[in-house]
Every structure is written in structure tokens, then in C-alpha cells.
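Listed below are the residues making up each chain.
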Amino acid sequence: MKKILVLASGRGSNFQALIDACKKSDIQGKIVALVSNNPHAEALNKAQQHDIPFFIVGAKNKSEYDEQLLTQCKTLNPDLIVLAGYMKILSKKFIDTFHLKIINIHPSLLPAFAGLHAQKQALEYGSRISGCTVHFVDHGVDTGPIILQTAVPVFPHDTVPDLETRILEKEHATLVQGVILFCDDKLVVQERNVYIK
Ligand code: GRF
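Computed from a predicted model, the values in this text were never measured in an experiment.

Conventions and cut-offs
Sequence positions are assigned chain by chain, starting from 1 and proceeding in written order. In keeping with the model being predicted, local features are shown solely for residues with a pLDDT of at least 70 and side-chain atom pairs are shown and tallied solely at 80 or more, while totals for entire chains, interfaces and linings include all residues. Calculated side-chain values reflect all of the structure's heavy atoms, with hydrogen atoms and water omitted. Being near a molecule or strand, for a residue, comes down to having at least one heavy atom within 4 Å of it. The definition of a polar contact used here is a pair of N or O atoms within 3.5 Å, where within protein one atom must be able to donate a hydrogen and the other to accept one, and adjacent residues in sequence count solely through side-chain atom pairs. Note on areas: these come from Shrake-Rupley sampling with a 1.4 Å probe, and a residue is covered only by the protein chains present in the view. Under the scheme applied, nonpolar residues are Ala, Val, Leu, Ile, Met, Phe, Trp, Tyr, Cys and Pro; charged residues are Asp, Glu, Lys and Arg; polar residues are all the others, including Gly. Each domain span listed reflects an automatic or database assignment of domains. Contacts are assigned to residue pairs that have any heavy atoms within 4.5 Å of one another. Two parts lose some accessible area (1.4 Å probe) when they are put together, and adding that loss for both gives the buried area. Here a salt bridge means any side-chain nitrogen of Lys or Arg lying within 4 Å of a carboxyl oxygen belonging to Asp or Glu. For helices the rule is a DSSP run of H or I covering at least 4 residues; for strands it is a run of E covering at least 2, with both sets numbered from the N terminus onward.

Asker: Looking at this structure, I do not really get the site of the ligand. What am I missing?
Answerer: Every residue close to the ligand is listed here: R11, G12, S13, N14, G85, I105, P107 and E171. Interatomic distance of 2.5 Å between a side-chain N/O atom of S13 and an oxygen atom of the ligand. E171 is positioned with one of its side-chain polar atoms (N or O) 2.7 Å from an oxygen atom of the ligand. Contact with the protein chains removes 87% of the 370 Å² of surface that the ligand exposes when unbound. Among the residues making up the shell around the ligand, the classes are represented as two nonpolar, four polar and two charged.

Asker: Help me out: how do you make sense of the domain arrangement of the chain in this one?
Answerer: It is common to give the size of an interface as the accessible area that goes away when the parts come together. In terms of domains, the chain is made up of domain 1 (1-98) and domain 2 (106-135 + 150-197). Taking the mean C-alpha position of each, domain 1 and domain 2 sit 20 Å from one another. Residue-level contacts link 15 residues of domain 1 with 12 residues of domain 2. Across the domain 1 to domain 2 interface the summed buried area is about 1,200 Å²; carbon plus sulfur atoms make up 75%. The largest contributions to the domain 1 side of the interface with domain 2 come from K2, N14 and L80, which together make up 38% of the buried area. In this structure, the connection of domain 1 to domain 2 is made through one salt bridge. Put simply, K2 and D185 hold a salt bridge, and the shortest N to O gap is 3.1 Å. Here domain 1 and domain 2 share three residue pairs in polar contact (both at pLDDT 80 or more) between them. Of all elements in the fold, only β1 (2-7), α1 (13-23) and β4 (80-83) reach the threshold of two or more residues within the side of domain 1 that touches domain 2.

Written out as C-alpha cells, the structure reads:
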């Protein structure tokens, strides 16, 4: 069983999808803890409800925060770190420490619309198709090797919430699938390419 650590900053619906998949044993792993930068994150309530240990990292400045986060995560010694709506940039040291052990879910078909407000970016651009991407984390913002992507249609009169809802539903399934593959040791990374054994 792989030890999974989840980092989340908000609502935690992706975190909940992982909890459910672990409960059903779809994922051969155990969520060992949730770490959040946000003391008001709804994800923390979900951890509490499911008896998952949680930690809030709060520090005044970025270097102190980065240090505390790294120390906390090293102590938990995870096999996999999942960024499930984690809204902060990880330090270079953190990414190097957990090289190819961090995966992220992003609400667009990367490399289109990296960064914040991806769904709004897709609508403003006039895309006909958007979706979500599960990828390994490297030093860039949403630039790491892509594991899985799922597409959804964009309809002419979609609002941002419409598109967010349509993509979110696919995020849950795609993230769970990515974590299943990781925990089953099915992912082989060669430079930018991820092969599924
Ligand atoms: C998701 O859209 C995720 O892709 C993005 O932030 C949102 C988090 O949603 N990075 P939730 O907290 O998992 O409900």
C-alpha cells in the first residue's frame, strides 16, 4: 500500500474522490494525511470526518512557509503527494526532494491555459473543447509530464460555473485513475513522456 499525502487549499472535492476510491480499495494506497495552507479549507472537515490526520502550515513569510511545509511532508514520508486544489507554488527544494512523486490535477487540457482561472481562460479564448489534466509536477507552473487528460465540450453560452462543474466531474475520475496507476507502479516517465505499463 502506497502512502499518499494530499495537499489542498479549499473545498476538497478531489480529496473526497480520493478518500472514496481508497475506501473502495480501487486505489492500492492509504491517505496518511492532509496538509493545508488554509485554516478555513473545507477539505479539513472532510479529513476530520474520515479520521485522516491533518496539518495546517501557517507561516508569515514564504521561506518560513516553504521550510515548514518541507519538514512536515518529510516527516510524513509519503510515496506520493497529490496536489488536489493546492493553490500555492511549491519551492524548488520541495520539488527536488519529492522528484516524480508529486502529481497535480489542473482544470484544462495542458499546455493550454496553465495557471489560475483555467476555465475562464478557456471561455475567453473561445475554445470548443476543454477538460482536465493529471500531471507530474516539475519546476514550472503546470508544465510537468502529462499522465492523463480528459476532454469536455465547451458550449456557446457556457458560464464559468457551467464549465467548472462539467470539468470538475471529470477531474475526480481522472485524478483517481492517475493515482491508481501510480500506486500500481504502472507509470514510467521518460523525459516529457509518461508511459502506462
Ligand atoms: C479544481 O478545479 C482543481 O483542478 C483546481 O482547483 C479546484 C479544486 O477543487 N486546481 P476541489 O478543492 O478539489 O473541490
